[in-house]
Structures are given as structure tokens and as C-alpha cells.
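# Tertiary structure, described
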Amino acid sequence: MENRPQWGTRAGFIMAAVGSAVGLGNIWRFPATAYENGGGAFFLPYLFALLTAGIPLLVMEFTLGHKYRSSAPLTFAKISKGKEWIGWWQLAISFVISCYYPVIIAWASSYSIFSFNQNWGSDTEGFLFGEYLKLAETPGDFGGLVPGVLIPLILVWVVTLGVLFAGVKKGIEAVNKVFIPVLVVMFTIIVIRALTLDGAAQGLEAFFKPDWSKILDGKVWVAAYGQIFFSLSIAFAIMITYSSYLPKKSDITNNAFITGFGNSAFEVLAGIGVFSALGFMAAQQGVPVAEVVSSGVGLAFVVFPQIINEFPAFNGLFGFLFFGSLILAGLTSLISIIETYVAGIQEKFNISRTKAVAIGGGLAAIASLLFATRGGLYFLDSVDYFINTFGVTLAGLIEVLAIAWFAKELKNIQKHANDLSDIQIGTWWRICLSVITPIVLGYMMFDNLRTNLTSEYGEYPREFLFNWGWTVALGAIFVGVLFSIGRKKKEESLASSNKEVSR
């Protein structure tokens, strides 16, 4: 009899998978990426990337989790001898991300309250870096904890760990069943309101107007694959872990298509909302939309407060809905990220879920304090860039090569998925994973290495980037190998003791 926890319903799993995929990047990364890479023309390579990499990878990871019913390290160990370290590496990547991700959710929590009185004033950039983050002058300086960040950060951890302590069905599934519909409703209200603003049409024209000349640019296609890859929570153990809780009878490929298209639908919705608001801001300032386009932290915490300041009515409510959306999107992703190493710790040390959450989540919570210091933004920027560029991308490449080329598991995975699913996958699916995806990810890695070895990211000092970028990314690989050696030694000692007993 299987003691592994299970999702209560299929909808619960899909909500959780979509909740993991829909994160901060959907709202603050996708709109600017699409705009900068050909506007409406970008949707063609984006759709191609979704169908040739995104959904095929989801099918693969869903099937691996369902077939082996284990955390990522044990799944890779079951696939082939010597591959367990890949799973531990992915868990180390998830751990690093879970240390800084809650800090951004904490910022959004503060800003949701600031929205009602526009506490950020007219100089939103000065407020963010000066008054709120109290940013240190030099990258690498800690400068003490910032109370305005620390207090909401503690609340974020209380909610997150509370959900994880409650378990898969009563915690993760129950919360996602509430958070995801609420997120969609909240963001739909934002979009409807943004569409009624003066200048919204100009913003949407900038977003959707196709620049077909960029279709032949290889960088645009790489950007499309990058967006799909980072957006779908692929290659850092989340989807393997979540699908390991599926019942034995589960439609794998259908779930993958629903998750993939659900995530993309939210990205397009976010693009409409963000660019309608940017069009309004451009109209208020009498400048072209191109001059106000932004992404990431700048879009959420500098540009959007400016937009809220210009609002004709109910600006406090609009601001609360926007930052509330960031909170919900962030929390559903954070919960999924931490669940990966909770499952791994449970299996590795054969301990209860409660202990695994306390150890894994507790260590991440302590480590997150680094990003709540006055130098936190610098650390966050560097760690985020390097762990995604040389962690997630590289881990995805190694995962695909290990399964498709070395273990030659694709036909077995295909058979398992097809035996359970309405939508059948065939030769095209195997070609996508064994040829197209490795080529694209391989080129991305080559281009990233070339860029970062010839210039310094963000003009930070070289020593700072080495300590808080390269070291973190390489350290995740080291941890992966270290933990897999630990299990190997344990297995060897068990085997030798069994021989002694038999004598």
C-alpha cells in the first residue's frame, strides 16, 4: 500500500501546477519581453516554443513524477545509476530561489498597504531605494536589517510554512483552489479598469503591433524559449514533485496542455493589463509608450506606483489589486518551490513531513534575512540572475540530455504517458526533447557564458559577482553532488552490513 500523499482532485493538481507556473515573471517579465522582441510578431516564436519545448517538457516531468512516485533525486536515481545528483542540484536551485523570492512578496505586501494613501509620494524611485529599502551605497555591504521589509517577510514565511505544514491536500491544494481563482478575478478587474483609461489603445497598439522584421532574428526565438522555460517552472524539480502526488489513473498529456496554455493565457492577460496602464501613463506625460516601458522590480515598484498616482479615481483600490495579485502569484510559486526540497529531505533522511518543513523551510527563512538587509537588493539581483542563468537553464539542459541521450528513456516515458492519456504523443515529441530543446538550451548556455565572461553583469564589481553570483550557481552543483554521494555511501554501508549478517 502506498503512503505517499495524493491530490484530492484533478482540478486541485492543475490549480497547483498553474499556481506554480504563474508567478511574478508572468506579470513583470513577459509584457516587456514580448514588446522588445517584435510585439505581436513575438507570439509566433512564443507559441512555437510552447509547443516544441514547454508542453513536451511538462509532459516529460509530469510522467517522470507519476511513474516513479518520488522526489526529484530519487526519481533520477531510479531512472539510471549515477544520475541522482541532478535531482539534488535542482533542489539546491529551488532552495536558493526560495531564499530571495519571499522578500519580493514582502515588498508587494508593503506596497499593497502603501497604495491606499500613495505613501511613495511623487518620487517613486527615490522612495523605493531610499526610504523603503534604505539601499546601501556599495554592493556587498550588509548595512543591517530593514524593519519595513523584515516584518512583512516574517508574515510571508508564517503563511507559507503554515500551508506546507498542513500537507499536500489540506494545505497546498486547498490554498491554490482559493488563490488561483481569486488571482484571476483580481487581475481581470485590473485589466478591465486599465482598458478604460485614456491612452490604453496606444499601449495595446505598442504591445500587439507586429514587427515582422524581428522574426528572422535568432535572439527573438531564444527569448521566446527563455520565457517559456522560466515561466513554466521547468527544471527545478517542481513538476516532478507535484506530479508524484497524482493518483495512478491520471491523464498526463491533457494536464500538461491545460497547465501550459493556462500559464500562457495569464501571460497574455498580464500583457494587456500592463500595456494598457503604460499607455495611460505615456498619455498623461505626453511621451511615446516606448519611453515608459519597463520590467522587473522597476515596473512593479517604480512605474506602477507612478501610474497609480495619475489615476482619475479609486487609485488606492487599483494599487491594492495590483500588488495583491503579485502577492498571490508569488505565494503559489513559493509554496511549490519549497515543496520540492521538503519532499527530498523527507525521503533522504526518512523523517516526517513536519520535520522536513521545519528544517528546509526554517533554513530558507533564516537565509532570506540576507535579502532583508540594506544591501539586500544587490544580493537579490546578482543571485537571481546567476541561479537562473547558470542554474535553471543548465540544469534543464543536463536533465534533457541525461534522459533523452544517456538513459534513452524517452520511449518508456512516451509509453507510460500514452497508456494513461487521451492525447497521444509520438515521434514529434521525442524529436522536440532530443533535438530541438537541447539545441536551443545549448545555444542559450553558450551565449550566456560568452556574455558573462566578457562583461560584468549589471556593472557590479567583479569580486561581488564572484561571491554572490558565480559561487552561488556553482555551489548548487556542488551541493547536488555532495548529497548524492551521501546516499551512495549509505547504500554501500547497508549492502556490506547485509553481507556480514548473511555470513
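Residues numbered from 1 in each chain as written. Predicted model: local features only at pLDDT ≥ 70, side-chain atom pairs only at ≥ 80, totals over all residues. Heavy atoms only, no water.

To keep things clear, this is the line we draw: UniProt positions are given in the numbering used here, feature names are shortened, and annotations may be inferred rather than shown by experiment.
Per an unreviewed UniProt entry, the chain carries the name Sodium-dependent transporter and comes from Metabacillus bambusae. Looking at the chain in UniProt, the text filed under Subcellular location (unreviewed entry) is "Membrane".

### Things to note about the packing of aromatic side chains
How we decide: The pairing test for Phe, Tyr and Trp rings, Trp by its six-membered ring, is centres within 6.5 Å, and the orientation test on the planes gives stacked under 30 degrees, edge-to-face over 60, and tilted for anything in between. Each helix is a run of DSSP H or I of at least 4 residues and each strand a run of E of at least 2, with the numbering of both proceeding from the N terminus. In this scheme, a residue with accessible area under 20% of its type's maximum is buried, one over 50% is exposed, and one in between is partly exposed, where area comes from a 1.4 Å probe on protein chains only.
For the structure on display, the rule yields 53 aromatic pairs. The interplanar angle of 90 degrees and the centroid separation of 5.9 Å between the aromatic rings of F43 and F207 together place this pair among those described as edge-to-face. Placement of the pair is F43 in helix 4 (residues 43-68) and F207 in helix 10 (residues 200-208), with a sequence separation of 164 residues. Pairing F229 with F230 gives two aromatic rings, centres 6.0 Å apart and planes at 80 degrees, and the pair type is edge-to-face. By relative accessible area, which is 4% here, F229 ends up buried.

### Examining the environment of I423
Short version of the rule: The contact criterion used throughout is that any non-hydrogen atoms of two residues lie within 4.5 Å.
By secondary structure assignment, the location of I423 is in the loop between helix 18 (410-420) and helix 19 (427-454). Distance in space between the C-alpha atoms of I423 and G203 is 38 Å, their sequence separation being 220 residues. What I423 contacts, discounting residues up to four positions off in sequence, is T253, N254, F257 and N418.

### Structural notes on helix 19
Note the cut-off: A helix is expected to reach a length of 1.5 Å times the quantity of its residues less one. The angle separating two fitted axes, one through the seven residues that finish at a residue and one through the seven that start at it, defines the bend at that residue.
For helix 19, spanning 28 residues, the distance from its first C-alpha to its last is 40 Å, which sits close to the expected 40 Å at 1.5 Å a residue. At L433, helix 19 shows its maximal bend, which comes to roughly 35 degrees.

### Here's the deal with the packing of helix 4 against helix 17 (residues 376-406)
Applicable threshold: Helix axes are fitted only over the stretch in contact, all axes being lines through C-alpha atoms; the angle between N-to-C directions runs from 0 to 180 degrees. When describing relative orientation, an angle under 35 degrees is termed roughly parallel and one over 145 degrees roughly antiparallel, while 65 to 115 degrees is termed roughly perpendicular and anything else oblique. Take the far helix as the reference: if the near one is turned anticlockwise from it by less than a right angle, the crossing is left-handed, and if turned clockwise, right-handed.
Contact pair helix 4 / helix 17: the axes reach a minimum separation of 12 Å and the direction vectors enclose 70 degrees. On the basis of their axis angle, the class for helix 4 and helix 17 is roughly perpendicular. Here the hand of the crossing between helix 4 and helix 17 comes out left-handed. Of helix 17, the residues touching helix 4 (which contributes L57, M60, E61 and L64) are E399, V400 and I403.

### Regarding the confidence of the model for the chain
This is how the line gets drawn: Residue-level confidence of the predictor is summarised by pLDDT, bounded by 0 at the bottom and 100 at the top.
Looking at the chain, the pLDDT average stands at 92 and 96% of residues meet or exceed 70. Ranking the helices and strands of the chain by mean pLDDT puts helix 8 (residues 147-166) first, with 98, and helix 20 (residues 462-502) last, with 74. Residue range residues 491-503 is modelled with pLDDT below 50. Its contacts to residues more than four positions away, or to other chains, number zero contacts.

### Topic: the environment of T253
We count it as follows: Think of a polar contact as two N or O atoms within 3.5 Å of one another; within protein, one of them needs to be a possible hydrogen donor and the other a possible acceptor, and neighboring residues in sequence only count if both atoms come from side chains.
With respect to the secondary-structure elements, T253 resides in helix 13 (residues 252-285). Separated by 143 residues in the primary sequence, T253 and S110 place their C-alpha atoms 40 Å from one another. If near-sequence neighbours (up to four positions away) are discounted, T253 is found in contact with V59, A417, S421, I423 and I425. Looking at T253, its side chain comes within polar contact range of the main-chain oxygen of I423, at 2.7 Å.

### Quick look at a nonpolar patch on the surface
What counts, and what does not: Residues form patches when they are more than 30% accessible in relative terms and have no salt bridge. Like charges link within 9 Å. Nonpolar side chains (Val, Leu, Ile, Met, Phe, Trp, Tyr) link within 5 Å. Reported accessibility uses the Shrake-Rupley method at a 1.4 Å probe radius. Residues are deemed covered only where the shown protein chains occlude them. Each salt bridge in this description consists of a side-chain nitrogen of Lys or Arg and a carboxyl oxygen of Asp or Glu lying within 4 Å of one another.
Among the surface-exposed residues, W428, I431, V435 and I439 lie close enough to one another that they form a single nonpolar patch of about 390 Å² accessible area. Within the fold, I431 resides in helix 19.

### Let's talk about unusual backbone geometry
The backbone of K134 shows a phi angle near 50 degrees, a positive value even though the residue is not glycine. The class for K134 is partly exposed, based on a relative accessible area of 38%. Although it is not a glycine, E459 sits at a positive phi angle of roughly 55 degrees. In this structure, E459 sits in the loop between helix 19 and helix 20. The class of E459 is exposed, set by a relative accessible area of 76%.

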